[in-house]
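A closer look at the structure
Residues per chain are reported as follows:
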Amino acid sequence: MSALRNYLNKIKPNFEEGGKLHAFRSVFDGFETFLYVPNDTAKAGGVNIHDSIDSKRIMSMVVIALMPAMLFGMYNIGYQNALAAGTLATASFFELFAFGFLAVLPKILVSYIVGLGIEFAWAQWKGEEIQEGYLVSGIIIPLIIPIGCPLWMLALACSFSVIFCKEIFGGTGMNIFNPAIAARMFLFFAYPSKMTGDTVWVAQNSIFGLGNDLPDGFTAATPLGQLAQNITPDASILDMALGFIPGSIGETSLVAIAIGAVILLWTGIASWRTMLSVFVGGTLLAVIFEQSGQGMTWWHHFVMGGFAFGAVFMATDPVTSCRTTTGQYIYGFLIGAMAIIIRVMNAGYPEGMMLAIFFGNMFAPTIDHFVVERNISKRLKRGGRK
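Definitions and limits used
- Residues numbered from 1 in each chain as written.
- Predicted model: local features only at pLDDT ≥ 70, side-chain atom pairs only at ≥ 80, totals over all residues.
- Heavy atoms only, no water.
- Helix = DSSP H or I, 4+ residues; strand = E, 2+ residues; numbered from the N terminus.
- Buried < 20%, exposed > 50% of the residue type's maximum accessible area, 1.4 Å probe, protein only.
- Contact = heavy atoms within 4.5 Å.
- Core = buried A, V, L, I, M, F, W, Y, C linked by side-chain atoms within 4.5 Å.
- Phe/Tyr/Trp six-rings, centres within 6.5 Å; stacked < 30°, edge-to-face > 60°.
- Patch = residues over 30% accessible without salt bridge, like charges linked within 9 Å, V, L, I, M, F, W, Y side chains within 5 Å.
- Areas by Shrake-Rupley, 256 points an atom, 1.4 Å probe, with all protein chains shown as cover.
- Salt bridge = Lys/Arg side-chain N within 4 Å of Asp/Glu carboxyl O.
- Lys, Arg positive; Asp, Glu negative; His and termini not counted.
- Charge placed at Lys NZ, Arg CZ, Asp CG, Glu CD.
- Axes fitted to C-alpha atoms, helices over the stretch in contact; angles between N-to-C directions.
- Parallel < 35°, antiparallel > 145°, perpendicular 65-115°, else oblique.
- Left-handed = near helix turned anticlockwise from the far one by under 90°.
- Nonpolar A, V, L, I, M, F, W, Y, C, P; charged D, E, K, R; others polar.
- pLDDT = per-residue confidence, 0-100.

What follows concerns the overall build of the chain. The helix and strand inventory of the chain stands at 15 helices and 0 strands. Here the chain holds 386 residues, and the buried ones make up 48% of them. Taking contacts inside the chain between residues at least 6 apart in sequence as the whole, the part at least 24 apart equals 70%.

This next bit is on the environment of D198. Its place among the elements puts D198 in the loop between α7 (179-190) and α8 (223-228). Note on D198: relative accessible area 30%, which makes it partly exposed. Excluding residues within four positions of it along the chain, D198 makes contact with F218, T219, A220, A221 and Q229.

What follows concerns the nonpolar core. Counting 88 residues, the largest nonpolar core has L66, I140, F309 and F313 as the members making the most contacts within it. Among the elements that line this core, the one with the most residues is helix α3 (residues 55-85), at 13 residues. Setting aside its immediate chain neighbours within four residues, F309 contacts L66, A69, I140, L143, I144, G250, E251, I257 and M314. M240, I245, M296 and M304 belong to the second-largest nonpolar core, a separate cluster that totals 7 residues.

Let us now look at the packing of aromatic side chains. Throughout the structure, instances matching the rule amount to 22 aromatic pairs. Taking the centre distance of 4.9 Å and the plane angle of 50° together, the rings of F309 and F313 count as tilted. Linking F309 with F313, this pair stays in helix α13 (residues 307-314), spanning 4 residues, or about one helical turn. On the basis of relative accessibility, which here comes to 0%, the residue F309 falls in the buried class. On the basis of relative accessibility, which here comes to 5%, the residue F313 falls in the buried class.

Residues R374, K378, R379 and R382 make up a contiguous surface patch of positive charge. Within the fold, R379 resides in helix α15 (residues 353-382). On the basis of relative accessibility, which here comes to 61%, the residue R379 falls in the exposed class.

This paragraph deals with the pattern of salt bridges. Scanning the entire structure with this criterion turns up 2 salt bridges. K166 is the salt-bridge partner of E119, the closest N and O atoms lying 2.5 Å from each other. Of this pair, E119 sits in helix α4 (residues 93-126) while K166 sits in the loop between α6 (151-165) and α7; the two residues are 47 residues apart in sequence, bridging distant segments of the chain. A relative accessible area of 2% places E119 in the buried class. Of the residues examined, K166 reaches a relative accessible area of 2% and is grouped as buried. Across the pair E351 and R343 runs a salt bridge, and its minimum N-O distance is 3.1 Å. Judged by its relative accessible area of 7%, R343 is buried.

The next subject is unusual backbone geometry. The phi dihedral of F208 is positive, around 50°, even though this residue is not glycine. What makes F208 exposed here is its relative accessible area of 77%.

The subject of this paragraph is the packing of α7 against α15. For the pair α7 and α15, the least separation of the axes is 10 Å and the interaxial angle reads 130°. On the basis of the axis angle, α7 is oblique to α15. α15 is crossed by α7, and the crossing has left-handed handedness. Across the interface between the two elements, I181, R184, M185, F188 and F189 of α7 pack against M354, L355, I357 and F358 of α15. Here the residues of the contact of α7 with α15 sort into 8 nonpolar, no polar and 1 charged.

A large share of α13 lies buried, amounting to 8 of its 8 residues. Of all the residues in α13, the buried ones are F307, A308, F309, G310, A311, V312, F313 and M314.

Note on placement: I139 falls in helix α5 (residues 134-143). Sequence-distant contacts of I139, defined by excluding residues within four places in its chain, comprise V63, L66, M67, M70 and Y112.

Another point: the side chain of N178. Here N178 is to be found in the loop between α6 and α7. The contacts of N178, once residues within four sequence positions are left out, are M314, D317, T320 and N361.

Counting all residues, the mean pLDDT for the chain is 86, and 84% of those residues have values of 70 or more. Mean pLDDT per element in the chain: helix α2 (residues 25-35) is the minimum at 58, and helix α10 (residues 254-266) is the maximum at 96.

This part is about the environment of A261. By the secondary structure assignment, A261 is in helix α10. Spatially, the C-alpha atom of A261 lies 9.6 Å from that of A308, the residues being 47 residues apart in sequence. Those residues in contact with A261, other than ones at most four positions away along the chain, are M275 and V312.

Shown next, in the form of structure tokens:
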């Protein structure tokens, strides 16, 4: 690594002011700070930095936490294709995973190429440092869409997300809506036939000799979609928990998501208050609906659809969620409860986590405002002032 560090130090003057490549300073700075912790120190009397953990390191840790869900999602893509073709018994683990890898990889590449390309261009245009927020959004967006979503639609969604939900608000740390949620909402409302229904969840064409070509018009409903039609799901509870069901690429496996949750909580990156409150709010409303004869068994909600994925990876986004301790409890509870209400009350839209988080993002600043004002009021009263 010292050789790489020496090489970067050697070429760095070319990218600084007055250098022949100074126009690409932000690109070099983004690459350098991704590889190494910046050497910047606080000025006397300013804010002091006590450790080397910066936002790039935090984002990198979130990406690591997403790896189990992504890798299992790749395997499940191959699994569902072989199951639909009736070749599951003869397919090896490698064949299933390799097919899923080749099916998912283009979506990840398109997401990063389009999103980071806009980030780089924006930074160059504004003469600012490249922001690192898209490191996480770039991998979450492919994981929350069906495998049947066309690449050009994904590119449009990524462009919309970065431009209209990040950059116009000031970039990373200033956006009020989660960019991944914005991308999925764009796709859902602009191209609903490619984001829902029974034809988008299973890869239908072989890739480089791997996988199977399925008949035109092949359909496979998700368990949530089946329940919305009053049909008992084909999958067992074990299959639902492990993730061997049709669904968005990274949202099917509760086990893989739980591993990511442990990583985020152990490193202190995600708020356990928000995460816990989402499940508490969801459980309470699910039990109420179950007792009133509406909806499914309460714990079914956590093993189907994107509830768990949203609670772990998107509701806990530190930028768009509440920042006060009390606010995190309220915010998480609101999201969990609203997701269940949407699922149960709107049979035409069985998945409700996306809209729940979107509305949670919308109300997060207001929740924090009232929590802070209440704390100020309590302190004034303790001091004998009204």
